[in-house]
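# Report on the structure
This is what each chain is made of:
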Amino acid sequence: MKITSLSDLANPALCPRLVVKVGSALLVGIDGPRRAWIEALVGELAAARQRGQDVIVVSSGAIALGARRLGLEKGGRGSLADAQAAAAVGQIALSGLWAELLGAHGLTAAQLLLTLDDLEDRRRYLNATATLTRLLDAGAVPVINENDSVATQEIRFGDNDRLAARVAQAAGASAVLLLSDVDGLYDRNPADPAAKLLPTVHGITPEIRAMADGGSHSGLGSGGMTSKLQAAEIAERAGIALVIGNGTKDSPIARVTQQGIGTLFLPREGGRRKARARQAWLGGRLRLKGALVVDAGAAQALRSGASLLAKGITALEGEFVRGDAVMIRDAAGTALANGLSEYDAAECARLIGHHTSEHAALLGYAPRSAIVHRDQLVLL
Ligand code: GLU
């Protein structure tokens, strides 16, 4: 079962976990935060929670808001230093507001500020995934932004569209909703009266990219249609649906899910969504730092979808640290899987051959549930 229509975004069975990204122009107006608008959106997020969906918010607006408060020109985007200072001022106010307004619905907000490296670096990706999962399990609503005040040019996403897609991957979400100031992707410049809204996009082709060139730009955020398509590409590869919807209209989530106004970028065909999401990440980014040799029992368990436990490992090779990608192979040298190690090589060496119940004593601290968790593993 996967998402094939806009209404599926409100279906907890098809979309148990939804990322909603809110652009700067929606959050910040001429006099500061657009409180009434945010309040209404939070009402819709609370309704999604009532339906049984996990919700993650990716909130822009820190730079725009901070720039207003500090009186910086060009919306705080004149220089990196301006953007960083503006974000520091805007972020604290915005997160306070999210916490207050979510709190009014009995929801606990949790702030995460991420840089690009937090999601590209394997160890940090694991940590971000673990934190997000724990927060959602505990019932909180993560409110995420880029850590603009410390992210330098080289380690910046620069736009929250791609950040939202990567967060969705990290959190194992089913869909990302990008709330913007347009209804979705048009087949030509939306100012052209003949322009038509595309309800569904199957794959980001050169033709689709050409359509985005005529897209709108509010000037407040750094997004525009180009970064939305880049986000859609990340999502598509990861098996996650991405939707562009118009946040300037009343009840923007319902407008997408009930009235069907928006553009749905379908996840790529084939395979289970979760497996594909991991494959997209593991496949695209890994350099293997070592190998774990496993016995026949462990090889069989891996093939049936289990995590790799220390007991079934007979040897290890290479110098790797927690979060690095390693190959898992059998004694004959046949590669079985790639995965991310939960431990450094030295820690692994102490644990292999031992049952999980012995790990705490061997390590002297609380062990992880596996050497390579099945969520961080891809069979070859
Ligand atoms: N992280 C930026 C902010 O909070 C927004 C990035 C974007 O415009 O997408 O202001």
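Notes on the structure follow. (Residues numbered from 1 in each chain as written. Predicted model: local features only at pLDDT ≥ 70, side-chain atom pairs only at ≥ 80, totals over all residues. Heavy atoms only, no water.)

## A short note on the sheet that holds strand β14 (residues 335–340)
- The strand order across the open sheet formed by five strands is β12-β11-β13-β14-β15, and the pairing between neighbours is mixed. Edge strands, defined here as strands with exactly one partner in the open sheet, are β12 (313–317) and β15 (377–379). Ignoring which end each strand starts from, the neighbouring axes of this sheet average 25° apart.
- Bridge analysis of strand β13 (residues 325–330) against β14 gives five bridges, and the strand direction is antiparallel. Looking across to β14, one finds that I328 is bridged to A337. (Pairing = 2+ DSSP bridges. Helix = DSSP H or I, 4+ residues; strand = E, 2+ residues; numbered from the N terminus. Axes fitted to C-alpha atoms, helices over the stretch in contact; angles between N-to-C directions.)

## Some words on the pattern of salt bridges
- For the coordinates displayed, the defined rule picks out 14 salt bridges.
- Here E317 and R329 are joined by a salt bridge, their closest N and O atoms 2.3 Å apart. Of this pair, E317 sits in strand β12 while R329 is found in strand β13, placing the two residues 12 residues apart along the sequence.
- Take E317: its relative accessible area is 38%, and that puts it in the partly exposed class.
- Taking relative accessible area as the criterion, R329 reaches 15% and is therefore assigned buried. (Salt bridge = Lys/Arg side-chain N within 4 Å of Asp/Glu carboxyl O. Buried < 20%, exposed > 50% of the residue type's maximum accessible area, 1.4 Å probe, protein only.)

## Looking at the side chain of R17
- Of note, R17 is situated in strand β1 (residues 17–22).
- A polar atom in the side chain of R17 sits 2.9 Å from the side chain of D54.
- If sequence neighbours within four positions are ignored, R17 has contacts with D54, L136, D137, A171, G172, A173, S174 and A175. (Polar contact = N/O pair within 3.5 Å; in protein donor to acceptor, adjacent residues only side chain to side chain. Contact = heavy atoms within 4.5 Å.)

## A few points about the nonpolar core
- With 46 residues, the main nonpolar core has V22 and W98 as its most contacted residues.
- Among the elements that make up this core, the one with the highest residue count is helix α4 (residues 80–103) (nine residues).
- Not counting chain neighbours up to four residues away, the residues in contact with W98 comprise V22, L27, I38, L41, V42, L45, V57, S59, G103, A109 and V143.
- Counting residues in each nonpolar core, the second largest holds 43 residues, with I144, A164, V176 and I234 among its members. (Core = buried A, V, L, I, M, F, W, Y, C linked by side-chain atoms within 4.5 Å.)

## Notes on the environment of V294
- Tracing the chain through its elements places V294 in strand β11 (residues 288–294).
- C-alpha separation for the pair V294 and Y186, spaced 108 residues apart in sequence, amounts to 52 Å.
- If near-sequence neighbours (up to four positions away) are discounted, V294 is found in contact with A299, L308, G312, I313, T314, I328, R329, D330, A331 and L336.

## Overview of the pairing of β14
- Within β14, five of the six residues are buried, which leaves it mostly tucked inside the rest of the structure.
- Pairing of β14 with β15, which is carried by three bridges, proceeds in the antiparallel orientation. Bridge pairing links A337 to L379 in β15.

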